[in-house]
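Spelled out from the first residue to the last, the chains are:
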Amino acid sequence: MYQENGHAMPHLHIDYGHKHHVASFAIEPPSRIKGSLDSKYDKPIIEWITKNSENLIEIWNKAQAGGNPKILISQLSGNV
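Residues numbered from 1 in each chain as written. Predicted model: local features only at pLDDT ≥ 70, side-chain atom pairs only at ≥ 80, totals over all residues. Heavy atoms only, no water.

Asker: Run through the overall build of the chain, naming residues and quoting values.
Answerer: The number of helices and strands found in the chain is 2 helices and 3 strands. When the helices and strands of the chain are listed from N to C terminus, the series reads β-β-β-α-α. Here the chain, with 80 residues, has 31% of them falling under the buried criterion. Taking the intrachain contacts of the chain between residues at least 6 apart in sequence as the baseline, contacts between residues at least 24 apart amount to 34%. (Helix = DSSP H or I, 4+ residues; strand = E, 2+ residues; numbered from the N terminus. Buried < 20%, exposed > 50% of the residue type's maximum accessible area, 1.4 Å probe, protein only. Contact = heavy atoms within 4.5 Å.)

Shown next, in the form of structure tokens:
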């Protein structure tokens, strides 16, 4: 997640292996926006977003305001 001028919908990008931005997922409501990542990953990603949505929204808002969200990222629960 990073600052993206003109992107009003809070979302995050998924990197897989050495490939960047293979999918994008909305935070509220958690859902795939687009991407080529195999759909078998949708359920665990959406569950993780749901579990971490409050912190993800806070990170999104901080990033969009030009702040450094790294401290907030450490508060996220586990990995997908």
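Asker: Tell me about the packing of aromatic side chains, and please be specific about residues and values.
Answerer: If you walk through the whole model with that rule in mind, you get 1 aromatic pair. With a centroid separation of 5.4 Å and 50 degrees between ring planes, the pair formed by Y16 and Y41 is classed as tilted. Of this pair, Y16 sits in strand 1 (residues 11-16) while Y41 sits in the loop between strand 3 (31-35) and helix 1 (42-64), placing them 25 residues apart in sequence. Taking relative accessible area as the criterion, Y41 reaches 25% and is therefore assigned partly exposed. (Phe/Tyr/Trp six-rings, centres within 6.5 Å; stacked < 30°, edge-to-face > 60°.)

Asker: I'd like to hear about the sheet that holds strand 1, residue by residue, with values.
Answerer: Pairing within the open sheet is antiparallel, and its 3 strands lie in the order 1-2-3. Unpaired on one side and paired on the other, strand 1 and strand 3 mark the two borders of the sheet. Sheet twist, expressed as the mean angle between neighbouring strand axes with direction ignored, is 35 degrees. Taken together, the 5 bridges between strand 1 and strand 2 (residues 19-26) define a ladder with antiparallel strand orientation. Note that in strand 2 the partner of I14 across the bridge is A23. (Pairing = 2+ DSSP bridges. Axes fitted to C-alpha atoms, helices over the stretch in contact; angles between N-to-C directions.)

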